[in-house]
Amino acid sequence: MKQIEYVNCFSCGKKQLSKDEVALNKKMIGREIKQFYCLKCFAEYFDVTTEELLIKIQEFKEQGCALF
Ligand SMILES: [Zn+2]
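Just so it is clear, the structure is predicted and the values come from calculations on it, not from any experiment. (Residues numbered from 1 in each chain as written. Predicted model: local features only at pLDDT ≥ 70, side-chain atom pairs only at ≥ 80, totals over all residues.)

Engineer: Would you mind going over the overall build of the protein chain with me for this structure?
Structural biologist: When helices and strands are counted, the protein chain shows three helices and zero strands. Mapped from its N terminus to its C terminus, the protein chain presents α and β elements in the order α-α-α. For 68 residues, the compact-globule estimate of 2.2 N^0.38 gives 11 Å, and the C-alpha radius of gyration of the protein chain, at 11 Å, lies within 12% of that figure. Principal-axis analysis of the C-alpha atoms places the extent of the protein chain at approximately 30 × 25 × 15 Å. Looking at the protein chain as a whole, 16% of its 68 residues qualify as buried. Nonlocal contacts in the protein chain, meaning residues at least 24 apart in sequence, comprise 46% of its contacts between residues at least 6 apart. (Helix = DSSP H or I, 4+ residues; strand = E, 2+ residues; numbered from the N terminus. Rg over C-alpha atoms; globule rule 2.2 N^0.38 Å. Buried ≥ 20, exposed ≤ 12 C-beta atoms within 10 Å, placed from the backbone. Contact = placed C-beta atoms within 7 Å.)

As C-alpha cells, this is what we get:
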C-alpha cells in the first residue's frame, strides 16, 4: 500500500509538494532522503531547467518507475 505523505520544500518552504516532485527527489537523490525540494529549487540545485526536470519525470514514468 502506498503511503501518502505531504512534504514541504526544504529550501523555499513550498507546501505539499506534488507526487511527481517527491518521486523525482527520491529517484535523483535517494529513497531515504529526509529533505525534499520543489521543482524550482531542485532545478537550481542541479543547475537544470524545470522543463528538463519535467521531461525527466515523463521518462521515468515511461520506464515504469515504481516511485511515480
Ligand atoms: Zn522550493
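Let us keep going from here.
Engineer: Help me understand the packing of helix 1 (residues 19–29) against helix 3 (residues 50–62), please; the structure alone is not making it clear to me.
Structural biologist: A pair of packed helices is characterised by two quantities: the angle between their axes and the separation of those axes. Viewed as axis vectors pointing N to C, helix 1 and helix 3 meet at an angle of 80 degrees, and their least axial separation amounts to 11 Å. Our classification of the angle between helix 1 and helix 3 gives roughly perpendicular. Contacts from Asp20, Leu24 and Lys27 of helix 1 reach helix 3 at Leu53, Lys56, Ile57 and Phe60. Taken together, the residues of the contact of helix 1 with helix 3 sort by class into four nonpolar, no polar and three charged. (Axes fitted to C-alpha atoms, helices over the stretch in contact; angles between N-to-C directions. Parallel < 35°, antiparallel > 145°, perpendicular 65-115°, else oblique. Nonpolar A, V, L, I, M, F, W, Y, C, P; charged D, E, K, R; others polar.)

Engineer: Just to check I follow, could you spell out the confidence of the model for the protein chain for this structure?
Structural biologist: Close inspection of predicted coordinates is inappropriate in any region flagged by low pLDDT. For the protein chain, per-residue confidence averages 91 on the pLDDT scale, and 93% of positions sit at 70 or higher. Taken element by element, the predicted model of the protein chain shows its lowest mean pLDDT in helix 1 (93) and its highest in helix 3 (96). (pLDDT = per-residue confidence, 0-100.)

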